[in-house]
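Okay, here's what each chain looks like letter by letter:
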Amino acid sequence: MAKGKNHQPGGAAAVVEALVRPTVEGFGLRLWDVRFEKEGPDWFLRVLIDRDEPLDTDTCEMVSRAIDPLLDEADPIEQSYYLEVGSPGLGRRLTRPEHFAQMTGQKCAAHLIRPDAQGRRDLEGILKGMDDGGNVTLAGEDGPVTFPVKSAGYVKLCDDENLF
């Protein structure tokens, strides 16, 4: 469903996150991320939710129906967009400090924007965490590797690697 106008496109995701978090958490779910993304000519507001057991479409629809009137009333986005509520899925990207804390001990992969001192751009290992300075540590086969999260194009879970 296309939506209407707004007043803060730059901070739209943050405004929406603050608006919908109480509702999402009220359903006993975690708000994983809010993304406002352009695909072709269209804008999408993606509200990614999570819980310990697998999500189903009924849960996503329930959250969508609950937050839609909140978004209509607050009108936080100027241009028309499509609202999507879904799961971050397998191979989810870790983008926030709480993601790194929550996924510590899981196998992750990172792709560095520029090669590190050893010439590596692709790293893999068990996530040991992210420190207060924004440095991520992965324990790989050759020992631990630490890199600034800002130097990575992505850090993601490897929970989808054995599916194909």
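Residues numbered from 1 in each chain as written. Predicted model: local features only at pLDDT ≥ 70, side-chain atom pairs only at ≥ 80, totals over all residues. Heavy atoms only, no water.

Asks: Which residues make up helix α2 (residues 57–74), and what values go with them?
Replies: Here α2 contains 18 residues, and its C-alpha end-to-end distance of 25 Å stays within 8% of the 26 Å for a straight helix at 1.5 Å per residue. At I67, α2 shows its maximal bend, which comes to roughly 25°, and the proline P69 appears one to four places after that position. Elements in contact with the buried residues of α2: α1 (12–26), β2 (42–50) and β3 (82–86). (Helix = DSSP H or I, 4+ residues; strand = E, 2+ residues; numbered from the N terminus. Expected span 1.5 Å × (residues − 1). Bend = angle between axes of the 7 residues up to and from the residue. Contact = heavy atoms within 4.5 Å.)

Asks: So what's going on with the nonpolar core? Residues and values would help.
Replies: In terms of nonpolar packing, the biggest core is built from 19 residues, with L45, V47, I49, I67, L71, L83 and V85 touching the most fellow members. Those elements that place two or more of their residues in this core are α1, β1 (30–39), β2, α2 and β3. Apart from residues no more than four positions distant in its own chain, V85 is found in contact with V47, I49, C60, V63, S64 and I67. With 17 residues, the next largest nonpolar core counts M103, C108, L123 and A152 among its residues. (Core = buried A, V, L, I, M, F, W, Y, C linked by side-chain atoms within 4.5 Å. Buried < 20%, exposed > 50% of the residue type's maximum accessible area, 1.4 Å probe, protein only.)

Asks: Could you give an account of the pairing of strand β7 (residues 143–148), naming the residues involved and the relevant values?
Replies: Both strand β6 (residues 135–140) and β7 contribute to a ladder of 6 bridges, which runs antiparallel. What sits directly across from A139, in β7, is P144. Between the antiparallel neighbours β6 and β7 lie 2 residues. (Pairing = 2+ DSSP bridges.)

Asks: Tell me about the sheet that holds β1, residues and numbers included.
Replies: Pairing is mixed across the open sheet formed by 3 strands, whose spatial order is β1-β2-β3. The strands lining the two open edges of the sheet, one partner per strand, are β1 and β3. Neighbour-to-neighbour, the strand axes of this sheet turn through a mean angle of 20°, independent of strand direction. Along the sheet, α1 contacts β1 and β2; its crossing angle with β1, the most-contacted strand, is approximately 145°. The strands that α2 touches are β2 and β3; relative to β3, the one it contacts most, it runs at about 140°. (Axes fitted to C-alpha atoms, helices over the stretch in contact; angles between N-to-C directions.)

Asks: So what's going on with the packing of α1 against α2? Residues and values would help.
Replies: The geometry of α1 relative to α2 is characterised by a closest axis approach of 10 Å and an angle of 145° between their N-to-C directions. Crossing handedness for the pair α1 and α2: right-handed. Residues V16, L19, V20, T23 and V24 of α1 pack against V63, A66, I67, L70, L71 and A74 of α2. In terms of residue class, the contact of α1 with α2 is built from 10 nonpolar, 1 polar and no charged. (Left-handed = near helix turned anticlockwise from the far one by under 90°. Nonpolar A, V, L, I, M, F, W, Y, C, P; charged D, E, K, R; others polar.)

Asks: Which residues make up the packing of aromatic side chains, and what are the values?
Replies: If you walk through the whole model with that rule in mind, you get 3 aromatic pairs. Members of the aromatic cluster, each reached through a chain of ring pairs, are F36, W43 and Y81. In this structure, R92 is placed above the aromatic ring of W32, and the distance from its NZ or CZ to the ring centre is 4.9 Å. (Phe/Tyr/Trp six-rings, centres within 6.5 Å; stacked < 30°, edge-to-face > 60°. Lys NZ or Arg CZ within 6 Å of the ring centre and 35° of its normal.)

Asks: Got a sec to walk through the sheet that holds β7? Specific residues and values, please.
Replies: With antiparallel pairing, 5 strands are arranged side by side in an open sheet as β7-β6-β5-β4-β8. Each having just a single partner strand, β7 and β8 (152–157) make up the two edges of the open sheet. The sheet shows a mean angle of 40° between the axes of neighbouring strands, taken without regard to direction. Two strands pair when backbone bridges link them, and strand β4 (residues 107–112) and strand β5 (residues 122–130) are joined in this way by 5 bridges, in the antiparallel orientation. Counterpart to H111 in the pairing with β5 is D122.

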